[in-house]
Amino acid sequence: MNSSVVPEAREALNRFKMEAANEVGVNLKQGYNGDLTARQAGSIGGQMVKKMIESYENSIK
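Sequence order sets the numbering: in each chain, residues are counted from 1 along the sequence as written. Two thresholds apply to this predicted model, a pLDDT of at least 70 for residue-level local features and 80 or more for giving and counting side-chain atom pairs, whereas whole-chain, interface and lining totals are computed over all residues. To obtain the side-chain values, all non-hydrogen atoms of the structure were included, while hydrogens and water were left out.

### A short note on the pattern of salt bridges
What counts as a salt bridge is simple: a side-chain nitrogen of Lys or Arg found within 4 Å of a carboxyl oxygen of Asp or Glu. Applying the stated criterion to the full structure yields three salt bridges. Between Lys51 and Glu19 there is a salt bridge; the shortest N-O distance is 2.9 Å. Taken together, the residues span a long stretch of sequence, with Lys51 in helix α2 (residues 38–59) and Glu19 in helix α1 (residues 7–23) at a distance of 32 residues. Categorising residues by exposure relies on relative accessible area from a 1.4 Å probe, with only protein chains included: less than 20% of the type maximum marks a residue as buried, more than 50% marks it as exposed, and the intermediate range marks it as partly exposed. Judged by relative accessible area, Glu19 falls into the partly exposed class, the value being 39%. Overlapping salt bridges bring together Glu19, Glu23 and Lys51 as one network. Here a helix means four or more residues in a row that DSSP labels H or I, a strand means two or more in a row labelled E, and each is numbered from the N terminus.

Okay, here's the thing in structure tokens:
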């Protein structure tokens, strides 16, 4: 992760990532997660994008 990211933003992003992982049933741990399959990592990223789109759509209504 980029070291120039604001610490508060990094913490929020990590919470968001953990929440998305929980929602898709992937056991994500703090720190190294290099043992995840590409499918698991992709499902977490996909869930994050889905939630961001939903949030945006709700904000413009």
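### Focus: α1
To estimate the expected span of a helix, subtract one from its residue number and multiply by 1.5 Å. Under the 1.5 Å per step criterion, the end-to-end length of α1 is 24 Å for 17 residues, consistent within 8% with the ideal 24 Å. Summarising the contacts, the buried residues of α1 are in contact with α2. At the C-terminal side of α1, Gly25 shows a positive phi close to 80°. The contact definition used throughout considers only heavy atoms, calling two residues in contact when any of these lie within 4.5 Å.

### Section: a nonpolar patch on the surface
Among the surface-exposed residues, Val49, Met52 and Ile53 lie close enough to one another that they form a single nonpolar patch of about 260 Å² accessible area. Along the chain, the position of Ile53 falls in helix α2. Put simply, a patch holds well-exposed residues, over 30% relative accessible area, that have no salt bridge, with like charges counted together within 9 Å and Val, Leu, Ile, Met, Phe, Trp or Tyr side chains within 5 Å. For every accessible area listed, the method is Shrake-Rupley and the probe measures 1.4 Å; residues are considered covered only by the protein chains on display.

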